[in-house]
Amino acid sequence: MDVWKAATERARTHGDVLTLAAGQPSTQAPGPVLRAAREALDTQLLGYTETFGILPLREAIAGYHSEKSSIAVDPDDVVVTTGSSGAFTLIFLAAFDAGDTVVVARPGYPAYRNTLTALGCRVIELDCGPDTRFQPTVAMLEALDEPPAGLVVASPANPTGTVIDPAELAALARWCEDHGTLLISDEIYHGIEFGSGTSATASAWETSREAVVIGSVSKYFSMTGWRLGWMLVPAGLRRALQRLASNMTVCPPAISQYAAVAAFTDESMTELDGHVRRYAANRDLVLAALPRLGITDLAPADGAFYAYADIGHLTDDSTSWCAELLRETGVALAPGVDFDTVRGDRTVRISFAGATADVEEALERLGRSAALGH
């Protein structure tokens, strides 16, 4: 957010900002969603809905998972939330007590760690590097003193873009079920995947219905600001979630719910898959350009829309380096300090979610940058 603030100020004063920092699509919601939103304004009260979301949306989400992962999902399994951020807060409150140990990967999305810490949980960060494709493994869990109360995984992951191998995800799910550990699988970047094999995504519910799966319309569905997410949850957690959600938010945004039903139509998916093809083209540009710019230590960008790079040969203060780069070139990157509490001062996250022309221009500016020694 500090990067966005600085980039906004640069845009105001210079008008030349190109952001490779934003973790969001640069496109509107699909056409059918926009039409559904306009219709809802004319035909729906847009008052409170059921706390867990309107039935047509829960049916659409259940059908989406059933088709994508070849698993049976019932609308009653679905809890619609105010963004995936709301889902994480609700499940952390419902499942964990103050003092419980919850394991996350490092590098990883900082809100897991920050929210869990704010709720009084003890967070253990697993040091995940290139040897495990920046993802946790069963062997890491076995090395802990005792099974944790929870494990949070993300595939594709933010900031690395890496995917957990389906066999490894299944092994993690089985281990968690066997040891009484709640597996929370962040699958909000599903649909944005490149290639096959090691970059093929799977869902935790393909192995264990004791896990919690987190989804969102923000990334693949290009609806970040609509603030709508969901969970697939075991029956035993639903009453606690109902009580918490009805007190904290009453319900997710009504207009977003009515509009999002249309996100799961074939017409919307065709439009969204076009965005993924653009991300793939942008990814190719970034992965080809960075080595030419002297940045060669990259995480495998299997999914999402990020390249995560080690810039330790350029700086040991990625925050200042990114600020200098923005001042010099107008290109905004995200320093790694939020994602990695140990080595983040020598890493950056580069988003390629924008327009291809903007990515090309940003890479050209980087090629002329003194911050890269050029």
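Small disclaimer: the values here were computed from a predicted structure and weren't measured.

Peer 1: Account for the overall build of the protein, naming residues and giving values.
Peer 2: Across its full length, the protein carries 12 helices and 12 strands. A compact globule built from 374 residues would reach a C-alpha radius of gyration of about 21 Å, and the protein, at 20 Å, matches this within 12%. Considered along the principal axes of its C-alpha atoms, the protein spans approximately 60 × 55 × 35 Å. Taking all 374 residues of the protein together, 55% fall into the buried category. Looking at the protein alone, contacts between residues at least 24 apart form 73% of all its contacts between residues at least 6 apart. Of the accessible surface of the protein, which amounts to about 15,400 Å², a share of 50% is contributed by carbon and sulfur atoms. Separation of charge centres in the protein, based on 28 positive and 47 negative side chains, amounts to 5 Å.

Peer 1: Run through the nonpolar core, naming residues and quoting values.
Peer 2: Formed by 110 residues in total, the largest nonpolar core has its most connected members in I184, F221, M231 and F264. Tallying contributions element by element places helix α10 (residues 266–292) first for this core, with 7 residues. Viewed by domain, this core spans two of them, domain 1 (1–23 + 268–368) and domain 2 (45–264), each represented by three or more residues. For M231, the residues in contact, after removing those within four places along its chain, are D77, V78, V79, T81, A87, L90, I91, V212, V213, I214 and L241. In terms of nonpolar packing, the next biggest core, distinct from the first, is built from 9 residues, F134, Y308, L326 and A332 among them.

Peer 1: Go over the domain arrangement of the protein, please, and point to the residues and values.
Peer 2: Along its sequence, the protein is organised into domain 1 (1–23 + 268–368) and domain 2 (45–264). Measuring from the centre of the C-alpha atoms in domain 1 to the corresponding centre in domain 2 gives 26 Å. In this complex, domain 1 contributes 27 residues to the contact, which on the side of domain 2 involves 32 residues. Of the roughly 2,500 Å² buried between domain 1 and domain 2 on both sides combined, carbon and sulfur atoms contribute 59%. By the criterion of area lost to domain 2, the three top residues of domain 1 are M269, D302 and F339, representing 24% of everything that side buries. Joining domain 1 to domain 2, the criterion identifies 3 salt bridges. Notably, a salt bridge pairs D340 with R106, separated by 3.4 Å at the nearest N-O pair. Secondary structure elements with two or more residues in the side of domain 1 that touches domain 2: α10 and β9 (306–310). Broken down by element, the residue count for the side of domain 1 that touches domain 2 peaks at 9 residues, all from α10.

Peer 1: Let's hear about the pattern of salt bridges: which residues, and what values?
Peer 2: For the structure on display, the rule yields 16 salt bridges. The partner of D16 in a salt bridge is R10, and the shortest N-O contact between them spans 2.7 Å. Put simply, D310 and R346 hold a salt bridge, and the shortest N to O gap is 3.4 Å. Note that D310 is positioned in strand β9 and R346 in the loop between β11 (334–335) and β12 (347–351), a separation of 36 residues in sequence. Overall, R346 belongs to the partly exposed group, its relative accessible area being 34%. Each of R106, R113, E125, D127, D340 and R343 takes part in one network of salt bridges that share partners.

Peer 1: Please provide a residue-by-residue account of unusual backbone geometry, values included.
Peer 2: The omega torsion of the bond from R106 to P107 falls at 5°, within 30 degrees of zero and hence cis. Examined against the element boundaries, P107 turns out to sit in the loop between β3 (101–106) and α5 (110–118). Note that the residue after S155, namely P156, is joined by a cis bond; omega there is -10°. Positive phi is not limited to glycine here, since R227 has a value of about 50°. Within the secondary structure layout, R227 lies in the loop between β7 (212–216) and β8 (229–232). Accessibility expressed as a relative area gives 31% for R227, which makes it partly exposed.

Peer 1: Which residues make up the sheet that holds β11, and what values do they have?
Peer 2: If you trace the 3 strands from one edge of the open sheet to the other, you get β9-β12-β11, paired in antiparallel fashion. The two strands at the open ends of the sheet, each matched to only one other strand, are β9 and β11. Sheet topology note: the β11/β12 ladder contains 2 bridges and is antiparallel. Directly across from A334, in β12, lies its bridge partner R349.

Conventions used here
Residues numbered from 1 in each chain as written. Predicted model: local features only at pLDDT ≥ 70, side-chain atom pairs only at ≥ 80, totals over all residues. Heavy atoms only, no water. Helix = DSSP H or I, 4+ residues; strand = E, 2+ residues; numbered from the N terminus. Rg over C-alpha atoms; globule rule 2.2 N^0.38 Å. Buried < 20%, exposed > 50% of the residue type's maximum accessible area, 1.4 Å probe, protein only. Contact = heavy atoms within 4.5 Å. Areas by Shrake-Rupley, 256 points an atom, 1.4 Å probe, with all protein chains shown as cover. Lys, Arg positive; Asp, Glu negative; His and termini not counted. Charge placed at Lys NZ, Arg CZ, Asp CG, Glu CD. Core = buried A, V, L, I, M, F, W, Y, C linked by side-chain atoms within 4.5 Å. Domains from an automatic or database assignment. Buried area = accessible area lost by both parts, 1.4 Å probe. Salt bridge = Lys/Arg side-chain N within 4 Å of Asp/Glu carboxyl O. Pairing = 2+ DSSP bridges.

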